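Spelled out from the first residue to the last, the chains are:
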Amino acid sequence: MGDTDEDAATPVKLIVAVDGPSGSGKSSASRGVASALDLEYLDTGATYRALTWWLLSHGIDTTDPAAVAAHVREPLIEVGTDPRAPWTSVDGVDVSTAIRGREVTGAVSAVARVPEVRAHLIAMQRDIIADSAGIVAEGRDIGTVVAPDAPVKVFLTADLAARASRRAEQANWSADATRSDQDRRDRMDAPQSGMAADAVEIDSTGLSLDQVVDIIVRMAKRVPHPRRNS
Ligand code: DC
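A.B. asks: An account of the sheet that holds strand β8 (residues 200–203) is needed here, citing residue identities and associated values.
C.D. replies: Ordered by their spatial adjacency, five strands build an open sheet running β2-β6-β1-β7-β8, and the pairing between neighbours is parallel. The strands lining the two open edges of the sheet, one partner per strand, are β2 (40–43) and β8. Averaged over all adjacent pairs, the angle separating strand axes in this sheet is 20°, with direction ignored. Where strand β7 (residues 152–157) lies against β8, four bridges are found, and the strand directions are parallel. Bridge pairing in β8 links Leu-156 to Ile-202. Here helix α3 (residues 44–57) sits on the sheet in contact with β2 and β6 (134–139), set at roughly 45° to β2.

A.B. asks: Go over the nonpolar core, please, and point to the residues and values.
C.D. replies: Judged by nonpolar contacts, the single largest core of 34 residues is most densely connected at Leu-42, Tyr-48, Leu-51, Leu-55, Val-117, Leu-121 and Ile-129. For Leu-55, the residues in contact, after removing those within four places along its chain, are Ile-60, Thr-62, Val-68, His-71 and Val-111. In terms of nonpolar packing, the next biggest core, distinct from the first, is built from 21 residues, Leu-14, Leu-39, Leu-156 and Val-217 among them.

A.B. asks: Account for the sheet that holds strand β5 (residues 93–94), with residues named and values stated.
C.D. replies: Spatial strand order, β3-β4-β5: three strands in an open sheet with antiparallel pairing. At either end of the open sheet lies a strand with only one pairing partner, and these are β3 (77–80) and β5. Pairing between strand β4 (residues 87–90) and β5: two bridges, direction antiparallel. Pairing of Ser-89 across the sheet is with Asp-94, part of β5. Contacting β3 and β4, α3 crosses the sheet at an angle of about 30° to β4.

A.B. asks: Pulling in residues and values, what's your account of the site of the ligand?
C.D. replies: The immediate surroundings of the ligand are formed by 17 residues, with Arg-49, Arg-140, Asp-141, Arg-185 and Asp-189 found nearest. Contacts to the ligand include Arg-118, whose side-chain N or O atom sits 2.8 Å from an oxygen atom. Taking 440 Å² as the accessible area of the ligand by itself, protein coverage stands at 98%. Looking at the shell around the ligand, the elements that each hand over two or more residues are α3, α5 (102–112) and α9 (175–189). Here the shell around the ligand takes four residues from α3, the largest share from any one element. Classifying every residue of the shell around the ligand gives three nonpolar, five polar and nine charged.

Conventions and cut-offs
Residues numbered from 1 in each chain as written. Predicted model: local features only at pLDDT ≥ 70, side-chain atom pairs only at ≥ 80, totals over all residues. Heavy atoms only, no water. Pairing = 2+ DSSP bridges. Helix = DSSP H or I, 4+ residues; strand = E, 2+ residues; numbered from the N terminus. Axes fitted to C-alpha atoms, helices over the stretch in contact; angles between N-to-C directions. Contact = heavy atoms within 4.5 Å. Core = buried A, V, L, I, M, F, W, Y, C linked by side-chain atoms within 4.5 Å. Buried < 20%, exposed > 50% of the residue type's maximum accessible area, 1.4 Å probe, protein only. Near = heavy atom within 4 Å. Polar contact = N/O pair within 3.5 Å; in protein donor to acceptor, adjacent residues only side chain to side chain. Areas by Shrake-Rupley, 256 points an atom, 1.4 Å probe, with all protein chains shown as cover. Nonpolar A, V, L, I, M, F, W, Y, C, P; charged D, E, K, R; others polar.

The values reported here are purely geometric and, on their own, carry no functional implication.
Put into structure tokens, the structure is as follows:
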């Protein structure tokens, strides 16, 4: 389809869904795309991490699904959607750094599996997406569950070694520790993760961040969108 046809089409709200496993480069790519296209940015993983942080700081056993389910609605979780300065807070406390720590990272997969957690946080994520003028949302189930009507869907992958070394860099862990943790998390997160049938898979292993951003931006620019920059 040529540009003329696209411009004549009815503008739709631009939602870019970016799913994929941890360490695939989702966050950097999603923030880059949102900045390039003047869109908001939602890190859905941060909402699961924020709830986990609250449970841990209240001494609740994060491996007990019933205990987790009983407290799902208690914390007030808020996120900032500026891709250049995203933040996460719980009950007014900025937890942006704390939720990336080892304790939360080790506990979050079990929390994210609890159905009551998913129902509550997915409703919150959908509200944020609905309130935005256009957004890049990243996670595991954006294209399949949270925003199945998103006009742009990407499934970002990378080989295990590349993912482990990215994670090790981010978290300042050894590559070996990260790799075994990554393995464990992949298995735990698998039931909640999925590639939508209409998603485009991008393997970022041999690509720079700029190249990944560029591919997604090009996909997004094919969508007729009222806030598109060019
Ligand atoms: O992307 P991340 O590592 O910050 O995700 C944290 C956890 O939350 C991880 O266990 C996967 C889970 N998650 C999920 O189940 N669904 C999402 N949409 C996003 C994250």
